[in-house]
Amino acid sequence: MLLSLVLPITVANAALAAYTFDPLQHLAGIAPYFEPSDPPLDPAPPQGCNVTRAAYLVRHAAIWANDFDYEEFIDPFVSKLQNTTVDWKKAGPLAFLSTWNTPIEDDDIEELTQVGRQEAFTLGVSVGQRYPSFKAPGKVWTSTAERTEKSAQSFIEGLVTHSNETELVSVSEGEEEGADSLTPYEGCPAYSSSAGSEQSGQYQKLYTKPIIERFHALAPSFNFTPNDIFGMQELCGYETVIRGSSPFCSLDVFSPNDWLGFEYTNDIQYHYNTGYGNDVAGAIGFPWLNATAGVLTANDTDSSDAQDIYISFTHRELPPVVLVALGLFNNSAFSGGDDINATMPLDAQNYRRAWKSSHIIPFLTNIAIEKLSCDSYGFGVGEHYRVLVNQSPQPLPGCTDGPGESCSRDGFQKFVQSRGEILGSFGEKCGVDYSNSTDILSIYGVS
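The text that follows walks through the structure, step by step, so that each part is easy to find. Computed from a prediction, not measured in an experiment: that's the story for all the values here.

### Overview of the nonpolar core
Piece 1. Of all hydrophobic cores here, the largest spans 130 residues; its most connected members are Trp88, Leu94, Phe224 and Leu326.
Piece 2. Among the elements that line this core, the one with the most residues is helix α8 (residues 281-297), at nine residues.
Piece 3. Counting the residues that make up this core, at least three belong to each of domain 1 (33-61 + 112-191 + 279-328 + 367-446) and domain 2 (64-111 + 193-277).
Piece 4. Excluding its chain neighbours within four sequence positions, the residues that come into contact with Phe224 are Phe77, Trp88, Leu94, Ile212, Phe215, His216, Ala219, Ile229 and Met232.

### Observations concerning helix α7 (residues 256-274)
Because an α-helix completes one turn every 3.6 residues, residues spaced three or four positions apart along the sequence face the same direction.
Piece 1. In a regular helix each residue adds 1.5 Å, so 19 residues correspond to 27 Å; α7 covers 26 Å between its end C-alpha atoms and thus fits that length.
Piece 2. Across the 19 residues of α7, 18 count as buried, placing the element largely inside the fold.

### Re empty space enclosed by the protein
Here the idea is plain: a probe the size of a water molecule rolls over the atoms and shows the empty space left.
Piece 1. Enumeration according to the criterion identifies four cavities of 30 Å³ or more in this entry.
Piece 2. Put simply, the largest cavity is a space of about 60 Å³.
Piece 3. Lining of the largest cavity is provided by Tyr385, Arg386, Val387, Pro393, Gln394, Pro395, Leu396, Gly404, Glu405 and Ser406.
Piece 4. Of all elements in the fold, only β6 (380-389) and β7 (392-394) reach the threshold of two or more residues within the lining of the largest cavity.
Piece 5. Of the residues forming the lining of the largest cavity, the biggest block, three residues, is contributed by β6.

### Things to note about the side chain of Glu370
Piece 1. On the secondary structure map, Glu370 appears in strand β5 (residues 366-376).
Piece 2. Polar contacts involving the side chain of Glu370 include one to the side chain of Arg130, which spans 3.0 Å.
Piece 3. Reaching out from Glu370, the side chain makes a polar contact with the side chain of Tyr131 at a distance of 2.5 Å.
Piece 4. Among all residues touching Glu370, those that are not within four sequence positions of it are Val51, Arg53, Ala54, Arg130, Tyr131, His384, Tyr385, Arg386 and Leu388.

### Examining the pattern of salt bridges
Piece 1. What the rule picks out here adds up to 13 salt bridges.
Piece 2. Arg243 is paired through a salt bridge with Glu239; the nearest N and O atoms lie 2.6 Å apart. Note that Arg243 and Glu239 are positioned in helix α6 (residues 226-243) at a spacing of four residues, about one turn of the helix.
Piece 3. By relative accessible area, Arg243 is classed as partly exposed at 44%.
Piece 4. When its relative accessible area of 2% is taken as the criterion, Glu239 is described as buried.
Piece 5. Arg353 is the partner of Asp267 in a salt bridge, and the nearest nitrogen-oxygen pair spans 2.8 Å. Taken together, the residues span a long stretch of sequence, with Asp267 in helix α7 and Arg353 in the loop between α9 (318-326) and α10 (357-360) at a distance of 86 residues.
Piece 6. Among the residues examined, Asp267 registers a relative accessible area of 0% and is labelled buried.
Piece 7. When salt bridges with common partners are traced through the structure, they connect Arg130, Glu370 and Arg386 into a single cluster.

Quick notes on the rules
Residues numbered from 1 in each chain as written. Predicted model: local features only at pLDDT ≥ 70, side-chain atom pairs only at ≥ 80, totals over all residues. Heavy atoms only, no water. Core = buried A, V, L, I, M, F, W, Y, C linked by side-chain atoms within 4.5 Å. Buried < 20%, exposed > 50% of the residue type's maximum accessible area, 1.4 Å probe, protein only. Helix = DSSP H or I, 4+ residues; strand = E, 2+ residues; numbered from the N terminus. Domains from an automatic or database assignment. Contact = heavy atoms within 4.5 Å. Expected span 1.5 Å × (residues − 1). 1 Å grid on protein atoms, 1.4 Å probe; cavity = no way out; pocket = protein on both sides within 12 Å on 5 of 7 lines; lining within 4 Å. Points joined across faces, edges and corners; volume = space filled by probe spheres on them. Polar contact = N/O pair within 3.5 Å; in protein donor to acceptor, adjacent residues only side chain to side chain. Salt bridge = Lys/Arg side-chain N within 4 Å of Asp/Glu carboxyl O.

Geometry only, nothing functional implied.
As structure tokens, this is what we get:
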């Protein structure tokens with residue numbers, strides 16, 4: 001009888017010991033770069049296939065702090081902390097606040113960190129190793145912000161042996177460029193950078209309430225607010241990419257459930273801002289998809305302008321709208337439902353959601369489209385295409401007729417055309433009100 005009791009207890013203890021949780025993989029847009037294997041498909045080319053051309057869209061690397069995050073959440077908390085008389089040494093897991101100092105100053109805002117430079121270089125090395133037969137690109141494109149340009153330069157230094165042989169082309173971030181930029185949302189009057197704030201704020205209040213009560217029990221005289229909690233959790237990410245680690249990441253400070261609440265709040269924000277909850281998102285992302293499909297499917301291998309790999313650097317807003325244009329990370333993809341917002345409730349988490357911003361827009365997030373030449377068992381000889389997000393293959397909705405759930409050339413071209421018809425044109429959906437706007441991204445030389 002005693003043995004029968006010991007065994008279940010031993011198994012239960014083993015299960016508890018096996019549970020692990022890394023907050024750095026649940027930080028949404030301030031997560032350090034990682035590759036989540038979502039879904040867990042093999043990123044290597046399918047059997048019998050070789051990659052003959054590729055295009056990458058890459059978000060800039062880690063920065064000291066985003067200006068909005070700093071002004072709205074981090075700086076108010078730090079200022080309050082600097083003016084309090086709380087004896088933090090008696091505040092249990094918050095005792096570190098007695099000696100903690102912020103690593104972020106006003107002059108650092110939006111600047112690339114050393115960790116960011118290193119990670120961009122490392123990603124360049126990784127991409128170069130992935131395509132060892134590719135020629136060094138003649139051009140790499142980037143939006144004109146300093147953080148994107150420096151990210152691109154570090155990436156190039158890791159990608160190629162002689163970085164001075166690759167030209168870094170800066171693309172204007174002006175709003176009147178319309179779709180012809182790497183920041184097309186700037187030229188979309190129907191897009192608002194504050195979209196999603198109201199909805200995410202509703203869930204933020206819900207998940208932070210028990211945290212505030214817990215912290216109040218540790219430090220009764222400190223008036224913790226939902227924004228303070230949010231700022232503290234943001235510091236976990238920003239301090240980590242500055243100093244290498246952060247006490248705010250400790251699971252003694254914030255539990256796994258606390259971090260999931262933070263992540264879901266961000267997921268709601270991005271759902272309504274650059275995701276399926278914003279009617280213009282797909283139309284903003286489609287010009288990059290269309291232009292990229294053009295350069296990948298073009299039969300111009302003898303052209304002096306043709307490249308084996310096309311790489312572009314941008315900000316956090318463009319990758320998610322491109323994913324919407326591709327129909328990926330769609331919560332309702334297999335449900336048959338037509339109310340996409342119902343998949344992101346504001347009073348409870350949808351733990352089974354596909355839309356997870358930590359997987360979609362960490363620092364250096366990258367979307368790749370590969371052109372494959374295949375002679376594969378069961379499929380024969382042919383040209384196919386596939387999408388990878390942070391190295392994880394993503395089957396295209398309705399187009400998985402090739403090896404490794406890739407998409408045939410004919411299917412891919414029809415898929416892109418169909419997505420354009422479904423999403424609508426940039427100018428029409430955005431309500432463009434200036435005469436020189438365009439629906440086309442032409443920077444690669446193919447419309």
